[in-house]
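# Understanding the architecture of this molecule
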There are 4 protein chains.
Amino acid sequence: MDSEDLENSPNELVGVSRGYTSSKGDLLERIAKIEGQIRGVAKMVEADRYCVDVLTQISAIQGALKKVELGLLEGHLRHCLIGHGGGPTDPNEQTAEVMGVVKRIVSH
Amino acid sequence: MDSEDLENSPNELVGVSRGYTSSKGDLLERIAKIEGQIRGVAKMVEADRYCVDVLTQISAIQGALKKVELGLLEGHLRHCLIGHGGGPTDPNEQTAEVMGVVKRIVSH
Amino acid sequence: MDSEDLENSPNELVGVSRGYTSSKGDLLERIAKIEGQIRGVAKMVEADRYCVDVLTQISAIQGALKKVELGLLEGHLRHCLIGHGGGPTDPNEQTAEVMGVVKRIVSH
Amino acid sequence: MDSEDLENSPNELVGVSRGYTSSKGDLLERIAKIEGQIRGVAKMVEADRYCVDVLTQISAIQGALKKVELGLLEGHLRHCLIGHGGGPTDPNEQTAEVMGVVKRIVSH
């Protein structure tokens with residue numbers, strides 16, 4: 001799914017509260033830091049740095065992304081369980097949606 | 001480990017062939033694409049997009065990073081086994097180094 | 001946590017419906033099959049089978065265990081969201097409990 | 001791949017040293033312990049134990065299997081790099097074989 005497809009997502013609601021709304025500033029800072037880490041990896045490759053050092057940096061990025069993922073999942077789950085997540089309200093649909101996320105997380 | 005520490009890595013050798021040297025252009029393109037994906041996630045968060053859509057994009061990034069990781073590991077391993085990787089030449093040290101990489105990959 | 005500790009779990013309630021109650025027979029069959037696969041691995045090691053073949057069998061077992069895990073998580077989640085899981089009823093506690101499970105799943 | 005297929009594996013050589021030969025007793029003990037843990041999970045399900053407790057036990061098993069996997073991979077890799085693993089001797093084939101193992105490990 002790319003950004004363009006997502007523009008038309010049926011889940012889009014202006015001004016709705018998201019699972020990450022209360023920590024949005026912190027989340028954006030984490031993402032900006034990860035973007036910087038990715039640029040650092042590009043510089044390492046351009047400079048012909050040792051494979052293992054490049055891999056170590058990529059692992060650090062994966063770890064940072066995993067923390068962001070788990071934080072987003074936690075916020076989403078709390079919203080589902082409390083009952084105003086902006087997503088499906090049927091427990092079976094909510095379960096299917098959350099399991100879709102978890103399966104994607106565990107698959108990479 | 002951050003970029004500054006790596007500047008002084010004992011493994012740095014100017015002009016040495018790396019496991020990724022033959023596919024360096026392709027590797028840099030993949031990393032640039034991932035950087036763009038990260039910026040896309042930041043825009044989604046700024047626009048208060050639905051948690052599950054943000055998570056789907058992050059999973060796509062994790063998958064792309066995993067492909068880069070496995071490609072780098074494969075090149076590194078081939079270099080180790082053929083015998084001119086720019087790293088340790090002792091089989092026990094090579095094994096320890098590769099296992100360190102694998103353990104980091106499986107941990108995230 | 002070993003079986004003995006679990007005997008005294010505060011969550012134990014006789015006759016309560018679990019997330020897996022409706023598919024208990026199928027679940028027990030899957031677990032019995034996994035037990036057989038583990039015994040198969042022991043036989044392979046006893047017979048000095050090739051490392052890579054042993055590793056392939058272990059990966060099959062890990063895949064089977066992951067399916068069992070995800071199935072149990074799905075049932076548990078549905079019970080939480082519908083509201084009679086036999087666990088905590090406070091959404092924050094439910095979220096913390098589910099996130100604990102997810103973090104353990106993604107850590108291995 | 002099941003045990004029967006493996007009986008006819010081209011990699012089978014009687015009396016050959018494997019990557020795990022020096023620690024075979026320890027390896028068999030670990031596998032026997034995991035078999036006992038699997039039986040423990042079956043008992044928990046039969047006793048209608050709480051989902052989260054069952055999941056915690058399964059995660060412990062997955063962690064134990066991962067340690068066995070990484071130990072086997074390490075032994076195999078050392079054998080490949082030293083040069084008498086009983087597998088392929090061509091570095092490209094060795095690399096492909098090891099990468100196949102790593103990809104299976106990271107996929108679950």
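Residues numbered from 1 in each chain as written. Chains lettered and ligands numbered in written order. Predicted model: local features only at pLDDT ≥ 70, side-chain atom pairs only at ≥ 80, totals over all residues.

## Considering the relation of the copies chain C and chain D
As a reminder of what qualifies: For this overlay, a least-squares fit was computed on C-alpha atoms, restricted to residues scoring pLDDT of at least 70 in both copies. The contact rule is simple: place each C-beta atom from the backbone, and if two of them lie within 7 Å, those residues are in contact.
Aligned on chain D, chain C shows an RMSD of 0.0 Å; the corresponding rotation is 180° and the shift along the axis is 0.0 Å. The transformation just described matches what one would write down for a two-fold rotation axis. Taking C-alpha positions as reference, the residue of chain C nearest the rotation axis is Glu35(C), located at 3.0 Å. When the interface residues of chain C are mapped onto chain D, 100% of them again lie at the interface, so the same face is used by both copies.

## Description of the interface of chain C and chain A
The criterion, for reference: Strands here are runs of E lasting at least two residues and helices are runs of H or I lasting at least four, both read from the DSSP assignment and numbered beginning at the N terminus. Throughout this entry, Asp, Glu, Lys and Arg are counted as charged residues, while Ala, Val, Leu, Ile, Met, Phe, Trp, Tyr, Cys and Pro are counted as nonpolar. The remaining residues, Gly among them, count as polar.
In this complex, chain C contributes 19 residues to the contact, which on the side of chain A involves 19 residues. Counting residues per element, the ones that place at least two in the side of chain C that touches chain A are helix H3 (51-82) and helix H4 (91-107) of chain C. Residue contributions to the side of chain C that touches chain A peak at 10 residues, all from H4(C). Residues of the side of chain C that touches chain A, tallied by class, amount to 12 nonpolar, three polar and four charged.

## Here we look at helix H4 (residues 91-107) of chain D
Residue and element names in this part refer to chain D. Short version of the rule: Helix span, as expected, comes to 1.5 Å for every residue beyond the first. Counting other C-beta atoms within 10 Å of its own, a residue is labelled buried from 20 upward, exposed at 12 or fewer, and partly exposed in the gap between, with every C-beta atom placed from the backbone. It is the directions from the helix axis to the C-beta atoms whose arc is reported.
The first and last C-alpha atoms of H4 sit 24 Å apart over 17 residues, in line with the 24 Å expected at 1.5 Å per residue. Here H4 has its buried residues at Gln94, Thr95, Glu97, Val98, Val101, Val102 and Ile105. Seen along its axis, H4 keeps its buried residues to an arc of 165°; they face one direction. In H4, the exposed positions angled more than 90 degrees off the buried face are occupied by Asn92 and Glu93.

## Some thoughts on the interface of chain C and chain D
Each side of the interface is counted separately: chain C has 55 residues, and chain D has 55 residues. Listed by contribution, the elements that provide at least two residues to the side of chain C that touches chain D are helix H1 (3-7), helix H2 (24-46), H3 and H4 of chain C. For the side of chain C that touches chain D, the element with the highest residue contribution is H3(C), accounting for 20 residues.

## Structural notes on the confidence of the model for chain A
All names here are of chain A. To keep it simple, the criterion reads: The score called pLDDT rates the predictor's confidence residue by residue, from a low of 0 to a high of 100.
On average, chain A scores 86 in pLDDT, and the residues at 70 or more come to 82%. Of all the helices and strands in chain A, helix H1 (residues 3-7) carries the lowest mean pLDDT, 45, while helix H2 (residues 24-46) carries the highest, 97. Of the two predicted TM-score estimates for the complex, the pTM is 0.85 and the ipTM is 0.85.

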